[in-house]
Amino acid sequence: MPKTPTNPSPTDLAFINRQLRQRLNSLTREANHNEEVLKRFHDRELTLLATESLPQLLGCLVDGMKSSFDLPNIQLILHDPDHELRHLLLHSGIEPDSLADIRFVDEIATFSPKHARYKAPWLGPYLDHEHAILFPAAETLQSIAILPMIRRGKLVGFIGLGSHDPNRFTRHHASDFLNRLATISAICLENTANREHLVIAGLTDALTGLHNRRYLERRLEEEVTRALRYQHPLSCLFIDADHFKQINDLHGHGAGDSVLRELALRVKECLRLSDIATRYGGEEFTLLLPQTDATEAGNLAERIRHRIQAKPIAIHGGESVEVTVSIGVSALQSGSGDSTLKIAEQLLEEADNALYLAKESGRNRVQLANPTSIPRNEQEIVEIND
């Protein structure tokens, strides 16, 4: 701004006043903008801190930020070497691969060696040859911000913000708010993962590592609702170890525990990630099989029965016992006007009744609620889980 003349004329004073008013208006607009930006960041931080589950947090980090910051593209890359986060999502009934803007990587340094070295946010133009790995199919992006999520000195992921405006993120912009946001996101990720572990601990059978009956009750109505809404098949298996009481009586309860653990392991080896395996009680296991019809469920039941029968189970003292199972199978039936809860209860009841028939018919067999669909021999078994 030019210096004020020693004896300014009215024209000079009017010009200086206009400049001062323009400067004041500019500073006011900048202050209002900064206040609005601060408010958006503050609101987003409070929302993140209030999340109670991993799916809710991931939704806030992607969809919530898109809405809050009016951005077309947000990518979340998370370091998940032991598949811990992916398993937690599966426990919540969410397929990790279905989350389009979120990727879980086994080794973040291998995934993107250059970006893994970032210790602070990077802002600048989008360059396809450098940033396509973080922003796939992002031809229209003009500027980006890469926010490293660091917790306890370790990189746990990236938040990628993409804009069509070349001036939205530049190297001249301050990044204090963005850095704080990434730090809070990393803390929330750790906290929600820990909280999910506590929840799962209360929904897991300590002996077998499978879900428990409480978890089944929690998930059953959800899966039935989803199957009915999208017109997908859903099946249920009830599995019971034959003559299990004799194992306890002859070899002791420790041997019985060993058998149950091995049964759970062999059952899990036959399942897909989307299948839900629970220890229903005692020596009885219940499986929920999303997107599986009665015939496929019968085939899977035969595969489980053969897997368990094929090899004796080792117990203490170098001994082993031969174990067989009986399996009842039911498929979802949507009765007209029935409530979701009633349909869910019917699914379990029909599998339980089919199991009873399998026991009454000689054990070591599969019984469908609709007997016409039972696989008759080993040649009919379909390897549906490969």
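Structural data are supplied above this passage.
Now for a description of the structure that goes with this document.

About the cut-offs
- The residue numbering used here restarts from 1 in each chain and proceeds along that chain's sequence as written.
- Only residues with pLDDT of 70 or above have their local features reported here, since the model is predicted, and side-chain atom pairs are shown and tallied only from 80 upward, although totals for entire chains, interfaces and linings are computed over all residues.
- Hydrogens and water molecules were not included; the side-chain quantities draw on all heavy atoms of the structure.
- What we call a nonpolar core is a set of buried Ala, Val, Leu, Ile, Met, Phe, Trp, Tyr and Cys residues that are connected through their side-chain atoms within 4.5 Å.
- For the exposure calls, accessible area comes from a 1.4 Å probe over protein chains only, and a residue counts as buried if that area is under 20% of its type's maximum, exposed if over 50%, partly exposed in between.
- Numbering goes from the N terminus for both helices and strands, where a helix is a DSSP run of H or I of at least four residues and a strand is a run of E of at least two.
- Contact between two residues is taken to exist if any of their heavy atoms lie within 4.5 Å; hydrogens are not considered.
- At least two DSSP bridges between two strands are required for those strands to pair.
- Inter-axis angles, ranging from 0 to 180 degrees, are taken between N-to-C directions of lines fitted to C-alpha atoms, where helices are fitted over the stretch in contact.
- Any angle between 65 and 115 degrees counts as roughly perpendicular, while under 35 counts as roughly parallel, over 145 as roughly antiparallel, and the rest as oblique.
- Classification convention: Asp, Glu, Lys, Arg as charged; Ala, Val, Leu, Ile, Met, Phe, Trp, Tyr, Cys, Pro as nonpolar; all other residues, Gly among them, as polar.

**Digging into the nonpolar core**
Judged by nonpolar contacts, the single largest core of 36 residues is most densely connected at Met 65, Leu 76, Leu 78, Ile 159 and Leu 161. Mapped by element, the contributors of at least two residues to this core are α1 (10-50), α2 (54-69), β1 (73-79), α3 (84-91), β2 (102-105), β4 (143-151), β5 (154-163) and α6 (176-201). Take this core: its biggest share by element is 9 residues, from α6. Excluding residues within four positions of it along the chain, Leu 76 makes contact with Leu 58, Leu 61, Val 62, Asp 101, Ile 102, Arg 103, Met 149, Phe 158 and Ile 159. With 32 residues, the next largest nonpolar core counts Ala 241, Ala 264, Ile 313 and Leu 368 among its residues.

**Here we look at the sheet that holds strand β9 (residues 284-290)**
Strand order in the open sheet made by the 6 strands is β6-β8-β9-β7-β12-β13, with mixed pairing throughout. The sheet is open, and its two borders are formed by β6 (211-212) and β13 (366-368), each paired with just one other strand. Helix α9 (residues 253-269) contacts β7 (234-241), β8 (276-281), β9 and β12 (325-331) of the sheet and is inclined by roughly 15° relative to β9.

**Quick look at the packing of α2 against α6**
Where α2 contacts α6, the axes come no closer than 8 Å and their chain directions differ by 155°. Considered as vectors, α2 and α6 are oriented roughly antiparallel to each other. Residues Leu 54, Pro 55, Leu 57, Leu 61, Met 65 and Phe 69 of α2 touch α6, and the partners they reach there are Leu 181, Ser 185, Cys 188, Leu 189, Thr 192 and Glu 196. Of the residues that constitute the contact of α2 with α6, the class distribution is 9 nonpolar, 2 polar and 1 charged.

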